[in-house]
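Commentary on secondary and tertiary structure
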Amino acid sequence: MTRSIRTNAVAAAVTFAALTAAAPPAVGSAAVQTYADTTSVGVHNTYEKTSFPYLADALDSGTALIELDVWTNSAGPGWRVAHENPVGNDNNCAGARSPSELRGGPRDTGLEGCMSDLRAWHDANPGHRPVLVKVELKDGFTAMCGVGPHEFDTASASCGRGPDEFDALVGDRLGDAVFRPADLVGDSGSTLDAAVRERGWPSARATAGKFVFELIPGTVEEKNPLDDLWTDRHYATHLRDLAAEGDLARAVAFPAVHGAEAGDPRVARYDPTLRPWFVLFDGDASAYVDGRIDTRWYHDNGYLLVMTDAHRVLPVIDGVHPAVRDARARVRMLAERSASVVTADWTQLPRVLSTVLPRG
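Residues numbered from 1 in each chain as written. Predicted model: local features only at pLDDT ≥ 70, side-chain atom pairs only at ≥ 80, totals over all residues. Heavy atoms only, no water.

1. Observations concerning unusual backbone geometry
Omega for the bond connecting Leu314 with Pro315 falls within 30 degrees of zero, at -5°, which places this linkage in the cis form. Positioned with a positive phi, Asp108 is a non-glycine residue whose angle comes to about 60°. You can see Asp108 is positioned in the loop between β3 (80–81) and α3 (111–124). A relative accessible area of 36% places Asp108 in the partly exposed class. The phi dihedral of Ser338 is positive, around 75°, even though this residue is not glycine. For Ser338, the position within the fold is in the loop between α13 (324–336) and β10 (341–344). The buried category is assigned to Ser338, whose relative accessible area is 1%. (Helix = DSSP H or I, 4+ residues; strand = E, 2+ residues; numbered from the N terminus. Buried < 20%, exposed > 50% of the residue type's maximum accessible area, 1.4 Å probe, protein only.)

Here you go:
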């Protein structure tokens, strides 16, 4: 079974490269199709043991997106990866130091262990398809403890869980395997929005072997009446300020506009200085297909669009074990509506997870 799963990872990488090389450009002046011009499939809450025994199994499935839920509150140590446990770890990350340690050892590591698994798998699969790593900060960055976007880039201290620490942790563990906001901007000195509008996303060759990090506000954070600085705005502010300091290369992630909304959802939510730092959008698939939202707007501007709970779009199909033909039809439907990645809990459908289609 492991061999079959790994074959799907290779097939997905080959399909992505072939598709992006064969199609005409859709955004900017790139000679070949870009990362933003395909539709692929991801798995919700990939870190849970009920989804995959080990995180490496998820990566080998061919999935284009993995999701990690992270807790930062000071009631527990470090960056915890779990669904409902706010003070401890409950996940399938093994903390591998080499590809040989990706399976078989203890699990339930913190975020640093999950990042080590990504690096070990990356080293064993050079040139793999780009993988979007969706991080839901369940309770947001813990600013009072020094847990914000900067920390996401480097290795965190015992109490540091902010943007700087996040950057440090991810950057320390993954290094050149991360596709960073600075890689999108290049030497233009522009914002992310200007970069995708003027030049588009890089080609398949430039994004092969990379992890792209997406940050969304967490369910606890969004319900907390005392939290007035959610993850999306917090990290966008971080990007804006780093760019002003000429230090954008430190950042590792792209904040996402969370929740479907007609028009440009950035206008009502963010200060004008923050809007240009959002080029990734994430919301419920059903909301994007009910006729209220012009999803072509996302594709035409080069924005990435993640559509979640794909199975809930009418007519509803099974969220875990649908027929392959039904799952594939759903992916095609959402690809036509400009989804970049569609997600569900289809962990047992590697032939669907490795799907790559033209977008739009």
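2. So, the confidence of the model for the chain
Taken as a whole, the chain shows an average pLDDT of 90; of its residues, 87% reach a score of 70 or greater. Contacts from residues 21–32, a stretch scored under 50 in pLDDT, to residues over four places away or in other chains number 20 contacts. The low-confidence segment residues 154–158 (pLDDT under 50) makes 15 contacts with residues lying over four places distant or belonging to another chain. (pLDDT = per-residue confidence, 0-100. Contact = heavy atoms within 4.5 Å.)

3. Quick notes on α3
The end-to-end C-alpha distance of α3, which contains 14 residues, comes to 20 Å, matching closely the 20 Å that a straight helix rising 1.5 Å per residue would cover. With respect to burial, α3 is a largely interior element, 10 of its 14 residues being buried. When α3 is considered as a whole, its buried residues turn out to be Leu111, Gly113, Cys114, Met115, Ser116, Asp117, Leu118, Ala120, Trp121 and His122. (Expected span 1.5 Å × (residues − 1).)

4. Some remarks on the pattern of salt bridges
Tallied over the entire structure, the rule returns 20 salt bridges. The partner of Arg103 in a salt bridge is Asp57, with the nearest N and O atoms 2.6 Å apart. Pair noted here: Arg103 is in the loop between β3 and α3 and Asp57 is in helix α2 (residues 55–60), with a separation of 46 residues, a long-range link. Given a relative accessible area of 9%, Asp57 falls into the buried group. With its nearest N and O atoms 3.8 Å apart, the salt bridge here joins Asp69 to Lys138. A residue pair is termed long-range when its members are at least 10 positions apart, and Asp69 in strand β2 (residues 65–71) and Lys138 in the loop between β4 (131–137) and β5 (147–151) qualify at 69 residues. For Lys138, a relative accessible area of 5% translates into the label buried. (Salt bridge = Lys/Arg side-chain N within 4 Å of Asp/Glu carboxyl O.)

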